[in-house]
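Here's the letter readout for the chains.
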Amino acid sequence: TSSERHTTATLVTDDIQGTVDLFDDSVVHTISLTYGQDDYDRLIAAYLEDGEKEYIEASITIDGTAIGSVGIRLKGNSTLRGLSSGTTGAQGGTGSTVSADDPDSLPWLVSFDEYVEGQRYQGYEEIAIRPTTSGETMLNEALAQNLVAAAGEASEEVAYSSFSLNGGEAALRLILEVPSENYVESNFTNDGVLYKALSTGSFTYLGEDPLAYDDAFEQITRKKQQDLEPLIALLRWMDSASDEEFAANLDKYVDVDSLAN
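Definitions and limits used
Residues numbered from 1 in each chain as written. Predicted model: local features only at pLDDT ≥ 70, side-chain atom pairs only at ≥ 80, totals over all residues. Heavy atoms only, no water. Pairing = 2+ DSSP bridges. Helix = DSSP H or I, 4+ residues; strand = E, 2+ residues; numbered from the N terminus. Axes fitted to C-alpha atoms, helices over the stretch in contact; angles between N-to-C directions. Contact = heavy atoms within 4.5 Å. Buried < 20%, exposed > 50% of the residue type's maximum accessible area, 1.4 Å probe, protein only. Core = buried A, V, L, I, M, F, W, Y, C linked by side-chain atoms within 4.5 Å. Expected span 1.5 Å × (residues − 1).

Regarding the sheet that holds strand E11 (residues 171–177)
- Here seven strands make up a closed barrel; going around it, the order is E2-E3-E4-E7-E9-E11-E10 and the pairing mixed. Ignoring which end each strand starts from, the neighbouring axes of this sheet average 40° apart.
- Pairing of strand E4 (residues 65–74) with strand E7 (residues 108–111), which is carried by four bridges, proceeds in the antiparallel orientation. The residue of E7 that forms the bridge with Ile72 is Val110.
- Here helix H1 (residues 37–50) sits on the sheet and contacts strand E3 (56–62), E4 and E7; the angle it forms with E3, its principal contact strand, is near 120°.

Listed below in structure tokens is the structure:
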């Protein structure tokens, strides 16, 4: 890992170790969240009004380890389509039934340092908690991530949890690593930049202005050190290359072996 990579990273001041490896998939983890009803109502109102995914403060207990302050917000886009329509019990894009009246049905993102700077849990800055879905959907995602890992390619850690909100009934929920600096260090050896493709965009060249890609990509790592130029260069080349140029030079832009894998 290069020292340059860490020059803009948040200083980790409290890395809570817990009692069980968070992504040990040989056990079903126990996770409980507690938050205020007024805060939850504000979170839902913000999302229904303009699609804003606001954080609210919560406490969380993971496998018996209590953490007094974390940030939680809604997670996902297609999953929340039913919620944004204002239709109670509407299906999201993943086939899950989501409702503001049923917080247990919603997908969540937990940020360990939203309110306590430098706080981590076993090195993780964030984790995703998938919505309640059919057993098939949950199994498909877990299996897919493990197959990618078995192929030796970059993958997100995944495990099952018994998840509850505000002391309610627990339900089986998938927990997932959120790609970040930790993910890059675990999966890659170079000093590249990690970008996230957004569901609101496409893999299309939109010109040289980085702002034109705001709805298409999010830069995850090396912010303030690097920008979208490497990504724009790839899209520009793909847009202009002839079939012959594409075949001859693809390996200059893409790790072909990894992509084929």
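Once the structure has been displayed, the description carries forward.
Comments concerning unusual backbone geometry
- In this model, Asp63 sits at a positive phi of 50°, which is unusual for a non-glycine residue.
- Mapping Asp63 onto the fold places it in the loop between E3 and E4.
- Not every positive phi belongs to a glycine, and Arg222 is a case in point at roughly 60°.
- Tracing the chain through its elements places Arg222 in the loop between strand E13 (217–219) and helix H5 (229–240).
- Since its relative accessible area comes to 11%, Arg222 is described here as buried.

A word on the nonpolar core
- In this structure, Leu33, Val70, Ile72, Trp108 and Val110 are the most contacted members of the largest nonpolar core, which totals 33 residues.
- By size, the runner-up hydrophobic cluster in this structure holds nine residues, among which are Leu109, Met138, Ala142 and Val158.

Let's talk about H5
- For H5, with 12 residues, the first-to-last C-alpha span of 16 Å sits near the 16 Å given by 1.5 Å per residue.
- Within H5, the full set of buried residues consists of Leu231, Ile232, Ala233, Leu234, Leu235 and Trp237.
- The secondary structure elements touched by the buried residues of H5 are strand E12 (195–197), E13 and helix H6 (243–253).

A few points about the pairing of strand E9 (residues 126–129)
- Taking every second residue as pointing to the same face, both faces of E9 are buried, with Glu126 and Ala128 on one and Ile127 and Ile129 on the other.
- Both E9 and E11 contribute to a ladder of three bridges, which runs antiparallel. Among the inter-strand pairings, Ile127 is bridged to a residue of E11, identified as Glu177.

What about the environment of Arg42?
- Relative to the assigned elements, Arg42 resides in helix H1.
- For Arg42, a relative accessible area of 38% translates into the label partly exposed.
- It is 9.7 Å that separates the C-alpha atoms of Arg42 and Tyr55, two residues lying 13 residues apart in sequence.
- If we ignore the near neighbours within four places in the chain, the residues touching Arg42 are Glu54, Tyr55 and Ile56.

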